[in-house]
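What follows is the residue order along each chain.
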Amino acid sequence: MAIFLYIIFLGLWCFINYKKNQFNISVLILLLYFIGAFSCLCIFIFYPTEIKYPERITIDSVASHIILMWLFMYPLIKYGNYFSPERLIISNLKLNIFSWCIIVPSLLAMAISIFDIIKIFSYGNLLAARMAFVNGDLSTEYVSRYGAIGYIMSLGPVISFLALFFFFYKKFYKQNNGIITWLLFLSSFCIVAYNLAIAGREGFVRWFFYCIFCSVFFKNYIKFKQNKKFFGIIGCFGFLLLTIFTMITIDRFEDSNNGPLYSLISYCGQQFYYYSYAYDRFFNDGYGSLGELFPIISNHRAEAMDINSFVNADYYLNTFSTFAGSFLKEAGFANTLFLAIFTFTISYFTFWRKKKYSNYSLTRIIAYLFYYEVILLGFFYFIHYLKFTQIAIVFFIILSFLICSIHIKKNVYSCIK
């Protein structure tokens, strides 16, 4: 069975990194993908009838997936083994300025989302609310609803990862319990509120992933006995999020053939066989082009709610297939391979540990966190395909550089020294 290639590849890569570096953020993301591959194997064993085209999962398709994942992930894994809290050297003033640039749009977006969430629960059934969103009756388009200020709000859901990361940095590494620290923590839930406003589960999963990342990254600085209140708050929030997540899952999938349990296993594992479906259908040509993956460059407006409405395929295309599968469906295998090689080259030298001038760069770390997020959430699919999302990423990378440059006279580039 070709699926075992995933188990072997990801298992060995994860084990080797663990033996060399212990449990860190690189091992974490490899373990996540390994769990996904194992879940896919469970689907094959316990729910074989759900795999409509098992003949499409071949040695060729799985091997191509492994090659693409390695090219995209290797620089991330390599630098992740080197990255540590000590690498971020920035004054408290500059960090606070950057923190407020995270807090303001996040809290604005959350304030608006509260009213949308109330509307969601008024439907009584979260499946009905979700269908209302799919049919266009609900919207989270801040710009169309609130005009120019909507652009500021729209930044919020994109930077929840940054909010939680800098909360952990200030709380546990800097031992700071000020108002900014806790506003960063509150801001991290912006993605949860934003996604809950359309009866989605994705926001819960994102925040959970972000929290695990931060817990692993700052594990040497987290003291349980000294932070019992915080962990109590986390426990309460976690229970609330789990309850709402369960409600959404039951409402949306209790009437399916295999019930909510299968939906959770499929949520983790379907992407590894759906990639092979994409490989079979879109190997030569995708339904779009490489430029359409990056509307910040091509100015193309991505439409992804129902791909089957304009693309002919014998399976449902709005399914998970990992970030590599998203690229393959859009642009074909050759273009995806080109993108992987290009990304490998750029990211390898960007995060090359021997480049001493950037060891302590806030800009470099912000770029790395966004890169990690793309691969982390790419466990499901390429989530960062919207033009505004890509603009927001570039904006915060540039903003971090400009903040670093404040009051630097001799050399504007000293912010990355």
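Look above for the structure.
Since we're looking at a predicted model, the values are computed, not measured.

Parameters at a glance
Residues numbered from 1 in each chain as written. Predicted model: local features only at pLDDT ≥ 70, side-chain atom pairs only at ≥ 80, totals over all residues. Heavy atoms only, no water. Helix = DSSP H or I, 4+ residues; strand = E, 2+ residues; numbered from the N terminus. Buried < 20%, exposed > 50% of the residue type's maximum accessible area, 1.4 Å probe, protein only. Contact = heavy atoms within 4.5 Å. Areas by Shrake-Rupley, 256 points an atom, 1.4 Å probe, with all protein chains shown as cover. Phe/Tyr/Trp six-rings, centres within 6.5 Å; stacked < 30°, edge-to-face > 60°. Lys NZ or Arg CZ within 6 Å of the ring centre and 35° of its normal. Core = buried A, V, L, I, M, F, W, Y, C linked by side-chain atoms within 4.5 Å. Expected span 1.5 Å × (residues − 1). Polar contact = N/O pair within 3.5 Å; in protein donor to acceptor, adjacent residues only side chain to side chain. Patch = residues over 30% accessible without salt bridge, like charges linked within 9 Å, V, L, I, M, F, W, Y side chains within 5 Å. Salt bridge = Lys/Arg side-chain N within 4 Å of Asp/Glu carboxyl O.

A.B. asks: Can you tell me about the overall build of the protein chain, naming the residues and giving the values?
C.D. replies: When helices and strands are counted, the protein chain shows 17 helices and zero strands. Counting across all 417 residues of the protein chain, residues that qualify as buried make up 53%. Across the protein chain, the fraction of contacts at a sequence separation of at least 24, relative to all contacts at a separation of at least 6, is 80%. Just so you have it, the protein chain exposes about 19,100 Å², and 65% of that area is on carbon and sulfur atoms.

A.B. asks: I'd like a rundown of the environment of Phe38, residues and numbers included.
C.D. replies: Here Phe38 lies in helix α2 (residues 25-46). Distance from Phe38 to Phe4, taken between C-alpha atoms, is 8.8 Å for residues 34 residues apart in sequence.

A.B. asks: Outline the packing of aromatic side chains, supporting the account with residue identities and numerical values.
C.D. replies: Here the structure, examined in full by the defined rule, presents 71 aromatic pairs. With a centroid separation of 5.7 Å and 90° between ring planes, the pair formed by Phe167 and Phe168 is classed as edge-to-face. The ring of Tyr53 has Arg56 sitting right over it, with the charged end atom 3.7 Å from the ring centre. Stacked on the ring of Tyr277, the Lys or Arg Arg56 has its end atom at 5.6 Å from the ring centre.

A.B. asks: Break down unusual backbone geometry for me, citing the residues and quoting the values.
C.D. replies: Even without glycine at this site, Gln22 takes up a positive phi of about 65°. Note on Gln22: relative accessible area 47%, which makes it partly exposed. The phi torsion at Thr322 lies on the positive side, around 65°, for a residue other than glycine. Among the secondary structure elements, Thr322 is positioned in helix α15 (residues 322-350). Of the residues examined, Thr322 reaches a relative accessible area of 0% and is grouped as buried.

A.B. asks: Outline the nonpolar core, listing residues and values.
C.D. replies: One recurring pattern in soluble globular proteins: nonpolar side chains tend to sit buried together. In terms of nonpolar packing, the biggest core is built from 137 residues, with Phe165 and Phe166 touching the most fellow members. It is helix α16 (residues 362-377) that provides the largest number of residues to this core, a total of 13 residues. When neighbours within four sequence positions are excluded, Phe166 is seen to be in contact with Leu88, Leu95, Phe98, Ile102, Leu184, Leu362 and Ile366.

A.B. asks: Break down α2 for me, citing the residues and quoting the values.
C.D. replies: A rise of 1.5 Å per residue sets the reference length of α2, with its 22 residues, at 32 Å; its end C-alpha atoms lie 31 Å apart and thus fit the reference within 8%. The buried fraction of α2 amounts to 16 of the 22 residues, a majority that puts the element mostly inside the structure. Sitting at the head of α2, Asn24 places a side-chain oxygen 3.1 Å from the backbone nitrogen of Ser26.

A.B. asks: Talk me through a nonpolar patch on the surface; I want residue IDs and the actual numbers.
C.D. replies: A cluster of nonpolar side chains, Met1, Phe4, Ile8, Leu12, Phe15 and Ile16, forms an exposed patch at the surface whose accessible area comes to about 620 Å². With respect to the helices and strands, Ile8 occurs in helix α1 (residues 4-21).

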